Amino acid sequence: MGSPKLPVLLLPHPLILLPTARVTLPISRSLADAILSLLDDSDAVLAAIPLPAPDSPSEVTYGTAARIARLVRPRNQSSPTQPYLLSLHGIQRIRFPTPTQIDQSETLPVHNIVYPSSEGIPSRDTVEAFKHAALVLLDRLAKDSPQPQRKDDWVRVSAIVEDISEQRAAWMADVLVAAVSSQYPDKLAFLAATDVEDRLRCATELFIKQSSIQEVSKKIASAVDESLSRQQKEYFLRQQLAAIQRELQSLQSSPASVGTGFGTGGSTSELDDDDQADADDLADLRRKIEALDVGSEERKVGIREWRRLKRIPQGSVENGVIRSYLEWLTSVPWPSNKTTTPLDVLKDRSFLTRARAQLDADHYGLDQIKRRLMEYLAVVRLRAIADAAQTQAQGNTPSTDTSPGATPTPPTKSKGVKGPILLFVGPPGTGKTSLGQSIAKALGRPFQRISLGGVRDEAEIRGHRRTYVASGPGSIVQALRKAGRNDPVILLDEVDKVGHSNFHGDPAAALLEVLDPEQNHSFNDHYINVPIDLSQVLFICTSNTLDTISAPLLDRCEVVELSGYTYDEKMHIAKRFLLPKQICANGLSDSQLTLTDDALLHVATMYTREAGVRSLERAIGAVVRFKAVEWAEWLDKGNGAVGGEGNANENAIAKQNANEKQDGNASENGVGKEWRATVEPHELEKILGIPRWDGEERDREEKRGVVYGLVVTGMGEGGILPVESTALPGTGRLKLTGSLGDVIKESGEIALSWVKTHAFELGITAGRGVDPLKVPDVIDVHLHLPAGAQKKDGPSAGIAMICAFVSLLSGACVPKDIAMTGEITLRGRVTPVGGIRMKVLGAHRAQIRKVILPWANRKDVEHDVALEVRREMQFFFVRTIDEALEAAFGRGALGWRKETVLLESRL
């Protein structure tokens, strides 16, 4: 018996007819006539086949045998556009024996079909899973249904599902899938599931998926409704608030006052929230965006964010975020702002002279730094003049291409001179920070200071990204905004104290881009997110030490060392800067107080011992305040005029100065009948107390086993250090004390080894190979470096240790006015050390007249030590330990034994 045949009706995409479902679709007149003839000839059953998607294969396999339930003619049969309505009721699944391509031009073609077997009972687990998924979906549909009748229908269907039998579960799956709105691929896969077990599994997956979709859709809809209601409520309240404020302002500005205590009497405050002020701010913001260079990156970003700002409601949080960003973006000094130094200022012939005079007026000495800055200023001036001449030449030269379509050549844009990256290294109080201010004043540029001490977050430098709450730009952009120019002087203070790498990032690594002249022309701040040109900025870094600065960061800087001041320099600084500053700060005049040079030198030598001048300024301030109290008490006793009678004060001072010449003895308390405007050295102990430094290093003694070395303290101050050695009964060992580090201990061991090796040549032992610590007596050598509470380390004490050992074992003494420094080797070489300038200055303060230094440090003395210091001291530059011993003990002081070479004749 052949397979049955049915006429095929293609359902338009994405329509699918499932068994037990009903569908109504419009059809053409020709198709309606064919169906009418089919109703007369047969049982009115046809195969409803879903039409494949346009981008899928055109062959079809599965469909549904459908009974024609209804065919409705149009009301106006003469109208060709009004279609017929066909209602079909699904009966059973069908499939083609093979995938078949249906001819869409043919009307109701007849094809062979196969009715798949629908017998079989699904497993109990499959039915239970199907019921659970179906009940969850029906419960969700019932809750989300806005119509009560629809909700009752879903509840009744849920009751039917709970009581359905296993034999009817497949039929219920067809009913529910047809009733639930799902996607086309899911329904097509369900139609192709001919097996009962597969059909229930497919329906279960479809119900679970649909339940998730319904739940997410409900959440989104509720969130949108809540947001809309909140925005509408906020907008309504803001409108009411604006109306109330306008009414209050109209009442306050009315001429008739309600009464005393009501209103403000018509006065307005700049803190009042005014719509016009807000509109003016927005207009100003727009003008700044339009003023940016056309085609520049900052202008593109500004326009894009401005358009976003206009689309967002004014009361929303995002509106404030975008507005803050635009304010920062437009406040950064971009190259289009033209905020560099004017050309006429640079062309002035007195430009360099005024800059040099400004530097000399603010700081004494520092010739190396001043020379480097003058080089930079000279290059800036010459470059600006050359660029101006080139621009003028381009404007006067006619174009050689006169064709109509020729494009004019744009003028060459000057890139300017890249600012140097200077790193001032020196002890505290040596003028590093104030020097940066003086440089900015000499250049005529704004000055900004950024303190990096304790900075641990990379965002402090680069800024926070806009995705974070309360984000903002970094300190570099903030400094540029405050300066208002793209070529300020920015001081990065305490760069050696910046935090190291942690979970916040590495701030020191973020500084690499800022301080790199090859990269900072496109510095990227995370908040602004637009490249910023920092090449015109003059960066000045300050540091107390180079040890904690990373090598890549140090490589990007020009290191300029600021070592301690000499006493001569401190005297000049005190007389020119510190004393006038303290006199003015304490309400006195120059004629009312005078410190003699001896008094200033006594303060600098006995009360302050530092590389800088901060302690010196505090001591001078204490002296000035003491004299201010005396002056005020003297005036209170009626000895002078108070207030604006300055002439009487000057006359009184002149009279007292004359009395001082006649009788210099004042009262013990300083408050008596006579006023002394001059401060002498013998008065300082009464004012400042007992001197902190009593000059014990000057009371040196020439003793066996004691020599003096040169050291640099942790604060960068140079000085002398006694190296003491003594012999005591023992076992031939070396004992080292004085809080010594590993390096300086090794220097002591090297020194003793060299002395043992050359003991015979030095006349310490009577024969070669004899240990001087064991012959004639067994002794121990104890080497001590006071003071014991101070940590000491470094290789520069090698020469001093050798001289101490030689003095101890030979009995010769080193003169007390000789100090030395240098590293030694076992071969007897003297190698260079650091800190020569500080050590020499420390020796000069201690009245050392002869200094022994390594030969390789000769250039450091000639380059760094002042000429007046070199004239007062005698320097011995040695290459070997033999030369160092001869310079320390004197020629012929040690009984050197010359080596005698014996030759045997074999004639």
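Computed from a prediction, not measured in an experiment: that's the story for all the values here.

1. Comments concerning the overall build of the protein
1) Next: In terms of helices and strands, the protein carries 28 helices and 24 strands.
2) Next: Per-residue burial for the protein yields a buried fraction of 42% across its 907 residues.
3) Next: In the protein, the proportion of contacts linking residues at least 24 apart, taken out of those at least 6 apart, comes to 74%.
4) Next: Accessible surface computed for the protein: about 49800 Å², of which carbon and sulfur atoms make up 51%.

2. Topic: helix 8 (residues 297–311)
1) Next: Along its 15 residues, helix 8 runs 22 Å from first to last C-alpha, staying within 8% of the 21 Å computed at 1.5 Å per residue.
2) Next: Buried residues of helix 8: Glu298, Arg299, Val301, Gly302, Glu305, Trp306 and Leu309, and no others. Projected down its long axis, helix 8 shows its buried positions confined to an angular sector of 160°, all on one face. Summarising the geometry of helix 8, the exposed residues directed more than 90 degrees from the buried face are Arg307 and Arg311.

3. Quick notes on the UniProt feature "binding site: ATP" (unreviewed entry) in the protein
1) Next: Feature annotation in UniProt assigns "binding site: ATP" (unreviewed entry) to the following positions: Gly426, Pro427, Pro428, Gly429, Thr430, Gly431, Lys432 and Thr433.
2) Next: When you line up the elements, Pro428 lands in the loop between strand 7 (421–425) and helix 13 (432–443).
3) Next: Pro428 gets classed as partly exposed once you look at its relative accessible area, which sits at 28%.
4) Next: Looking at the secondary structure, you find Gly429 in the loop between strand 7 and helix 13.

4. Observations concerning the pairing of strand 2 (residues 22–27)
1) Next: Judged by which residues are buried, strand 2 turns out to be one-sided: Val23, Leu25 and Ile27 face inward and are buried, whereas Arg22, Thr24 and Pro26, on the alternate face, are not.
2) Next: Two elements, strand 2 and strand 5 (residues 84–101), share six bridges in a ladder whose sense is antiparallel. Across the sheet, the residue bridging to Val23 is Leu88, located in strand 5.

5. What about unusual backbone geometry?
1) Next: Positive phi outside glycine occurs at Asn529, with the angle close to 60°.
2) Next: Secondary-structure assignment places Asn529 in the loop between strand 10 (523–524) and strand 11 (531–532).
3) Next: Positioned with a positive phi, Ser739 is a non-glycine residue whose angle comes to about 55°.
4) Next: Residue position: Ser739 is located in the loop between strand 18 (734–737) and helix 23 (742–757).

6. Considerations on the packing of helix 2 (residues 124–144) against helix 4 (residues 169–179)
1) Next: Close contact between helix 2 and helix 4 brings their axes to 11 Å; oriented N to C, the two are set at 30°. Here helix 2 is positioned roughly parallel relative to helix 4, judged by the angle of their axes. Where helix 2 crosses over helix 4, the two elements pack in a sense that is left-handed. Side by side, helix 2 and helix 4 meet where Val127, Phe130, Ala134 and Leu138 of the first sit next to Ala169, Met172, Ala173 and Leu176 of the second.
2) Next: A class-by-class count of the residues in the contact of helix 2 with helix 4 yields eight nonpolar, no polar and no charged.

7. Some points on the nonpolar core
Generally speaking, nonpolar side chains in soluble globular proteins are found buried as a group.
1) Next: Of all hydrophobic cores here, the largest spans 57 residues; its most connected members are Phe424, Ile439, Leu616 and Ile620.
2) Next: No other element matches the nine residues that helix 20 (residues 614–636) contributes to this core.
3) Next: Discounting chain neighbours no more than four positions away, the residues touching Ile439 are Leu359, Leu373, Phe424, Leu538 and Ile540.
4) Next: Core analysis: the second largest hydrophobic core is formed by 48 residues, Ile16, Leu18, Leu46 and Leu191 among them.

8. Structural notes on a nonpolar patch on the surface
1) Next: Side chains of Ile244, Leu248 and Leu251 sit close together on the surface and give an oily, nonpolar patch of about 310 Å² of accessible area.
2) Next: Tracing the chain through its elements places Leu251 in helix 6 (residues 196–252).
3) Next: Assessed through its relative accessible area of 59%, Leu251 is described here as exposed.

9. Some points on the sheet that holds strand 2
1) Next: With mixed pairing, six strands are arranged side by side in an open sheet as 2-5-4-3-1-6. Of all strands in the sheet, those bounded by a partner on one side alone are strand 2 and strand 6 (110–112). Ignoring strand direction, the axes of neighbouring strands in this sheet form an average angle of 50°.
2) Next: Alignment of strand 1 (residues 5–11) against strand 6, held across three bridges, turns out to be antiparallel. Bridging from a neighbouring strand, Lys5 pairs with Asn112 of strand 6.
3) Next: Sitting on the sheet, helix 5 (residues 184–192) touches strand 3 (45–50), strand 4 (59–72) and strand 5, and the angle it makes with strand 4 is about 95°.

10. Here we look at helix 24 (residues 798–810)
1) Next: Look at helix 24: 18 Å from first C-alpha to last across 13 residues, which is about the 18 Å you get at 1.5 Å a residue.
2) Next: Of all the 13 residues making up helix 24, twelve are buried; the element is thus mostly covered by neighbouring parts of the structure.
3) Next: Buried within helix 24 are the following residues: Gly798, Ile799, Ala800, Met801, Ile802, Cys803, Ala804, Phe805, Val806, Ser807, Leu808 and Leu809.
4) Next: One or two residues past the end of helix 24 sits Gly811, with phi positive at roughly 90°.

Cut-offs applied
- Numbering of residues starts from 1 in every chain and runs along the sequence as written.
- Side-chain atom pairs in this predicted model are given and counted only at pLDDT of 80 or more, local residue features only at pLDDT of at least 70, and totals for whole chains, interfaces and linings cover all residues.
- Note: side-chain values were computed over all heavy atoms of the structure, leaving out hydrogens and water.
- Helix and strand definitions follow DSSP, with helices as H or I runs of at least four residues and strands as E runs of at least two, each counted in order from the N terminus.
- We call a residue buried when its accessible area falls under 20% of the maximum for its residue type, exposed when it is over 50%, and partly exposed in between, using a 1.4 Å probe and counting protein chains only.
- Residue contacts are counted whenever heavy atoms from the two residues lie within 4.5 Å of one another.
- For accessible areas, the Shrake-Rupley method is used with a probe of radius 1.4 Å. Any residue's cover is judged against the shown protein chains and nothing else.
- Expected helix span is taken as 1.5 Å per residue step, with the number of steps being one fewer than the number of residues.
- Directions are taken from the helix axis to each C-beta atom, and the arc is the one they span.
- UniProt positions are given in the numbering used here, feature names are shortened, and annotations may be inferred rather than shown by experiment.
- Here a strand pair is declared whenever DSSP counts at least two bridges between the two strands.
- For helices, the fitted axis covers only the stretch in contact; all axes are lines through C-alpha atoms, and the angles between them, taken along N-to-C directions, range from 0 to 180 degrees.
- Relative orientations are named as follows: roughly parallel for angles under 35 degrees, roughly antiparallel for angles over 145 degrees, roughly perpendicular for angles from 65 to 115 degrees, and oblique for any other angle.
- By the definition used in this description, the sense in which the near helix is turned from the far one sets the handedness, with an anticlockwise turn below a right angle giving left-handed and a clockwise turn giving right-handed.
- Each residue gets one of three labels, nonpolar for Ala, Val, Leu, Ile, Met, Phe, Trp, Tyr, Cys and Pro, charged for Asp, Glu, Lys and Arg, and polar for the others, Gly among them.
- Remark: nonpolar core denotes a set of buried residues (Ala, Val, Leu, Ile, Met, Phe, Trp, Tyr, Cys) joined through side-chain atoms within 4.5 Å.
- Like-charged residues within 9 Å of one another, or nonpolar side chains (Val, Leu, Ile, Met, Phe, Trp, Tyr) within 5 Å, are grouped into patches, provided each residue has over 30% relative accessible area and no salt bridge.
- Salt bridges are defined by distance alone: a side-chain nitrogen of Lys or Arg within 4 Å of a carboxyl oxygen of Asp or Glu.

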